[in-house]
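Letter by letter, the chains look like this.
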Amino acid sequence: MRLQTVAAGQGVVWVREGFRTFFKRPLAFAALFAAFMFAVFALALLPFVGALVVLALLPLVSLGFMIATRIAVAGGLPTARVFVEPLRSAGPRRTAMLQLGLIYAAATFVVMWLSDIADRGAFEALMEAMPAAQTTPDEVASRFGAPGLLVGLMLRFGLAGLLSVPFWHAPALVHWDGHGCAKALFSSTLACWRNRGAFAVYGLAWFGLIIVFGMVGSLVFALLGQPQLFALAAVPLSLVFTTVFYVSLYFTFADCFVASDAAAASDPADHPPRRLS
């Protein structure tokens, strides 16, 4: 596959295409996300091992949504088979996919470990206190003021963002172009760097959408005299946004990598279609 550079404004197109494709098959994509969440909750019941398996599956989940989006763009109906399809590939591709999952899980644990050291457990204590019914607002406020919490949060989000770069395109490169694990991670990093303008706009577009919908939603429910209901409405809205984000991943890949003429002619079904809108 051939790496190409796109204009910064393409980041907005990726978000737009994500919403447009989602609304083509909203129930199908919602069902895929629900299946993913069910698996997460089921695995969470397994102590330690469950969390490790969930993290190891995340590259496979992102690829599954890319495959589902490609099917929807072509007019088909994506099903839960998209999460299994990559594991049915030839031996080297399946091995590379499993390696990606294990590396991602290990790297994420390192990120969490370093962040816990930086904030001395303040973030974990805050997460445990917030859902507890007996926790008073003053106690929650004191958790927010814990020393090291801000540093820990910055480290968590910063390292998580850096970790996402090599893994952004890697699963798709393994599945559609037969890259090995190391080559896929390198190519993904290179693609994100060369198209950093588009990815910056992509991130800002998502941030702006979330802020705007939050402000509009709060205003609407305040005018209706039921501001407390906004928290309930925000739950399904956040699930829709998360699903659309996963749907949009395919467009970031399909614009950054295109199949060469020879590869597309030899096996067009094995490569994403060319697109640049």
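One can find the structure itself at the top, above this paragraph.
Every value quoted in this text rests on a predicted model; they were computed, and no experiment measured them. (Residues numbered from 1 in each chain as written. Predicted model: local features only at pLDDT ≥ 70, side-chain atom pairs only at ≥ 80, totals over all residues. Heavy atoms only, no water.)

Engineer: Which parts of the structure should I look at to understand the overall build of the protein?
Structural biologist: Broken down by element type, the protein carries twelve helices and two strands. When burial is assessed residue by residue, the protein has 39% of its 277 residues classed as buried. Here the contacts in the protein between residues at least 6 apart in sequence split such that 75% fall between residues at least 24 apart. With an accessible surface of roughly 14800 Å², the protein has 73% of that area assigned to carbon and sulfur atoms. (Helix = DSSP H or I, 4+ residues; strand = E, 2+ residues; numbered from the N terminus. Buried < 20%, exposed > 50% of the residue type's maximum accessible area, 1.4 Å probe, protein only. Contact = heavy atoms within 4.5 Å. Areas by Shrake-Rupley, 256 points an atom, 1.4 Å probe, with all protein chains shown as cover.)

Engineer: Would you mind showing me how to read the environment of Arg2 here?
Structural biologist: By secondary structure assignment, the location of Arg2 is in strand S1 (residues 2-3). A relative accessible area of 41% means that Arg2 is categorised as partly exposed. Considered as a pair, Arg2 and Val258 are 256 residues apart in the sequence and their alpha carbons are 5.3 Å apart.

Engineer: Honestly, the nonpolar core in this entry has me stumped. Any pointers?
Structural biologist: For soluble globular proteins, the rule of thumb is that nonpolar side chains tend to be buried together. Counting 52 residues, the largest nonpolar core has Trp14, Phe29, Phe65, Leu100, Trp176 and Tyr202 as its most contacted members. Among the elements that line this core, the one with the most residues is helix H11 (residues 230-256), at ten residues. (Core = buried A, V, L, I, M, F, W, Y, C linked by side-chain atoms within 4.5 Å.)

Engineer: Looking at this structure, I do not really get the side chain of Asp255. What am I missing?
Structural biologist: Within the secondary structure, Asp255 sits in helix H11. Within the structure, Asp255 has its side chain in polar contact with the side chain of Trp14 (distance 2.9 Å). (Polar contact = N/O pair within 3.5 Å; in protein donor to acceptor, adjacent residues only side chain to side chain.)

Engineer: Can you help me understand helix H10 (residues 196-223) in this one?
Structural biologist: Residues lying three or four places apart along an α-helix face the same way, a consequence of the helix completing one turn every 3.6 residues. If you check H10, its first and last C-alpha atoms are 40 Å apart, about what 28 residues at 1.5 Å a residue would give, namely 40 Å. Buried within H10 we find Ala198, Phe199, Tyr202, Ala205, Trp206, Gly217 and Phe221. Taken from the residues just after H10, Gly225 is the one with a positive phi, measuring 80 degrees. (Expected span 1.5 Å × (residues − 1).)

Engineer: Got a minute to help me understand the pattern of salt bridges in this structure?
Structural biologist: A side chain with one charge can pair with a side chain of the opposite charge if their charged atoms come near. Counted under the stated rule, the structure contains two salt bridges. The closest approach of N and O atoms between Glu17 and Arg16, which form a salt bridge, is 3.7 Å. Here Glu17 ties to Arg20 by a salt bridge, and the two come within 2.5 Å at their closest N and O atoms. Of this pair, Glu17 and Arg20 both sit in helix H1 (residues 10-22), separated by three residues, roughly a single helical turn. Accessibility expressed as a relative area gives 6% for Glu17, which makes it buried. (Salt bridge = Lys/Arg side-chain N within 4 Å of Asp/Glu carboxyl O.)

Engineer: It is not clear to me how the packing of helix H8 (residues 170-177) against helix H9 (residues 181-194) should be interpreted in this structure. Could you clarify?
Structural biologist: Angle between the axes and distance between the axes are the two parameters that describe a pair of packed helices. Remark: H8 packs on H9, axes separated minimally by 8 Å, with the N-to-C direction vectors making an angle of 125 degrees. Classified by the angle between their axes, H8 and H9 sit oblique to one another. Here H8 and H9 pass one another in a crossing that is right-handed. Only Ala184, Leu185, Ser187 and Ser188 of H9 make contact with H8, whose side of the interface consists of Ala170, Leu173 and Val174. For the contact of H8 with H9, the per-class residue count stands at five nonpolar, two polar and no charged. (Axes fitted to C-alpha atoms, helices over the stretch in contact; angles between N-to-C directions. Parallel < 35°, antiparallel > 145°, perpendicular 65-115°, else oblique. Left-handed = near helix turned anticlockwise from the far one by under 90°. Nonpolar A, V, L, I, M, F, W, Y, C, P; charged D, E, K, R; others polar.)

Engineer: Please explain H1 as it appears in this structure.
Structural biologist: In this model, H1 (13 residues) spans 18 Å end to end at C-alpha, consistent with the 18 Å of a helix rising 1.5 Å per residue. Burial within H1 is extensive, with ten of its 13 residues counted as buried. Packing partners of the buried residues in H1 comprise helix H2 (26-44), helix H3 (49-73), H10 and H11.

Engineer: So what exactly am I meant to see when it comes to the packing of aromatic side chains here?
Structural biologist: Two numbers describe a pair of aromatic rings. These are the distance of the centres and the angle of the planes. Scanning all chains against the criterion turns up 26 aromatic pairs. Centre to centre, the rings of Trp14 and Tyr202 are 5.8 Å apart; their planes meet at 70 degrees, and the pair counts as edge-to-face. Of this pair, Trp14 sits in helix H1 while Tyr202 sits in helix H10, placing them 188 residues apart in sequence. When sorted by exposure, Trp14 lands in the same class as Tyr202, which is buried. Geometry around Trp193 places Arg196 over its ring, the cationic atom sitting 4.0 Å from the centre. (Phe/Tyr/Trp six-rings, centres within 6.5 Å; stacked < 30°, edge-to-face > 60°. Lys NZ or Arg CZ within 6 Å of the ring centre and 35° of its normal.)

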